[in-house]
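# Descriptive analysis of the structure
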Amino acid sequence: MGLGVRWTLHGDGKTPAPGAVVRPDERLSWPRTFGLGAQHVVAMFGASFVAPVLMGLDPNLAIMMSGVATAIFLLATKGRVPSYLGCSLSFVGVAATIRASGGSSATVTGAVLVVGAVLFLVGLVVQRFGARIIHAAMPPVVTGAVVMLIGFNLAPVTASTYWPQDQWTALLVMLFTGLAVVCLRGFFSRIAIFLGLVFGYVLSWVLDLVLGKIHSPAGGAEAVDHWRLDLSAVGNADWIGLPSFHAPSFEWSAILVALPVVIALIAENAGHVKAVGEMTGDSLDDKLGTAIAADGAASMLSTAVGGPPNTTYSENIGVMAATRVYSTAAYWAAACFALLFGLCPKFGAVVAAIPGGVLGGITVILYGMIGLLGAQIWLNAKVDLRNPLNLVPAAAGIIIGVGGVSLKITDNFELSGIALGTLVVITGYHALRAFAPAHLKTQEPLLDSGTSQYDDEPPAGKS
């Protein structure tokens, strides 16, 4: 397939035949392909809008670099793994922690760039030695616990920063978004976060018209009178222009806080490759290392110019499942649309104007969902939490990570929160396993229940 940028026309180019799918190396007619590309962009909008705003980074640059990252990923996997790479929400807690300790945007992007480099190296190792090396170091109980503590560590951000800015708007947005996630079907359920943002925008505008300014904290701890929706920056922004770039800055304390997210990104990529392989019927075992390395390289490039890190998006898997179109041509179209959006400062100003109360309602659900992905890993892998070998390190690490427990090493260096929690889970599990009696060391599925296909030996009962 070369670089994966040539496609054959599927059927008449209009719609897949009954029971058929449009494979990654096929495409529909170009107008339909670009339409599907736009659909993929909308699907990733919600999270990709929210993530850079929550991290304090330029949303214009985030959208533009997501297009660049997607192109890198498609080229690296030679068009075999259809995927959109958007801004990773796994780093939101990291960014909040770094900023709380006085770190700047440059410090945030510098720490995340190192994470991207580590992810890239992990991908190369997986490509060379296979996924077994990851599974040995990070069994499901470890992976699930780390993902869970990363998500739940964000709870204080919602409670103390966003929700107090407009509690009633936050409550209504939370209810609307929850209903959208549960009650809507097909494509609309996949863009529930985006619909929640739109609802919150309109609601804030209406409340400003009807009730006037609100007296609450806005960008600080002191309560002041302010508009819920302030669009003054939108009118001053240009229609066409480059986003703001900045160079990263490297600090060990920030890097240590960010490194645990590598585990979440490995799990995300492994799950994505597995899901796409199952949907297309094409075994993608050999592309797992490439996908991980491509994600790392794309994140390094994005953070090197001041943008956020990127990762594969499950929202876009939903679009593929709903349309049965897995053509990478549609993802190239989506990447082009993202680049164009990134060159529109007015668009970025609209994103940056999202009211705090709206973010409060969205993040209540979003942060909780991130944390519960860890529980989903445990369920899929059938992790037995009755086994103290699993229970003790997971319980200790999660409480440390969520509660912000700190361990002072020297006067100028301490471990706390996500970094310390992750260290306790990983080292605690392997240390306890070394001393545990044989009956506690039951064999576990690798990473999650779907990645056992990466083993050299087939599961029992299969050939």
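Below, the structure is looked at part by part. This is a predicted model, so every value here is computed, not measured.

In this section: the overall build of the protein chain. In terms of regular secondary structure, the protein chain is built from 20 helices and 8 strands. Element-wise, carbon and sulfur atoms account for 66% of the exposed surface of the protein chain, whose accessible area totals about 19700 Å².

Following both chains from N to C, one finds helix α2 (residues 59–76) and helix α14 (residues 288–304) inclined at 150 degrees, their axes separated by 9 Å at the closest point. Accordingly, the angle class assigned to the pair α2 and α14 is roughly antiparallel. Here α2 runs over α14; the crossing is right-handed. Every residue of α14 that contacts α2 at M65, V68, A69, I72, F73 and A76 is listed here: T290, A291, A294, D295, A298, L301 and S302. Of the residues in the contact of α2 with α14, the class split is 10 nonpolar, 2 polar and 1 charged.

On to the nonpolar core, then. In terms of nonpolar packing, the biggest core is built from 104 residues, with M55, I266, I292, I362, Y367 and W378 touching the most fellow members. Contacts of I292, omitting those with residues within four sequence positions, involve L119, V122, G123, V126, I134, I266 and N269. V22, L28, L36 and A330 belong to the second-largest nonpolar core, a separate cluster that totals 5 residues.

This paragraph deals with a nonpolar patch on the surface. On the surface, a cluster of nonpolar side chains totalling about 690 Å² of accessible area is made up of V198, V202, W205, V206, L209, V210 and L211. Tracing the backbone shows W205 in helix α10 (residues 192–211). On the basis of relative accessibility, which here comes to 49%, the residue W205 falls in the partly exposed class.

It is worth spelling out the packing of aromatic side chains at this point. Summed over all chains, the structure comprises 4 aromatic pairs. Note on W7 and W30: the rings are 6.0 Å apart at their centroids and 85 degrees apart in plane angle, and the pair reads as edge-to-face. Residue W7 is found in the segment before β1 (8–9), and its partner W30 is found in helix α1 (residues 30–55); the two are separated by 23 residues along the sequence. Classification of W30 by relative accessible area gives partly exposed; the value is 37%.

Reading guide: rules and limits
- Residues numbered from 1 in each chain as written.
- Predicted model: local features only at pLDDT ≥ 70, side-chain atom pairs only at ≥ 80, totals over all residues.
- Heavy atoms only, no water.
- Helix = DSSP H or I, 4+ residues; strand = E, 2+ residues; numbered from the N terminus.
- Areas by Shrake-Rupley, 256 points an atom, 1.4 Å probe, with all protein chains shown as cover.
- Axes fitted to C-alpha atoms, helices over the stretch in contact; angles between N-to-C directions.
- Parallel < 35°, antiparallel > 145°, perpendicular 65-115°, else oblique.
- Left-handed = near helix turned anticlockwise from the far one by under 90°.
- Contact = heavy atoms within 4.5 Å.
- Nonpolar A, V, L, I, M, F, W, Y, C, P; charged D, E, K, R; others polar.
- Core = buried A, V, L, I, M, F, W, Y, C linked by side-chain atoms within 4.5 Å.
- Buried < 20%, exposed > 50% of the residue type's maximum accessible area, 1.4 Å probe, protein only.
- Patch = residues over 30% accessible without salt bridge, like charges linked within 9 Å, V, L, I, M, F, W, Y side chains within 5 Å.
- Salt bridge = Lys/Arg side-chain N within 4 Å of Asp/Glu carboxyl O.
- Phe/Tyr/Trp six-rings, centres within 6.5 Å; stacked < 30°, edge-to-face > 60°.

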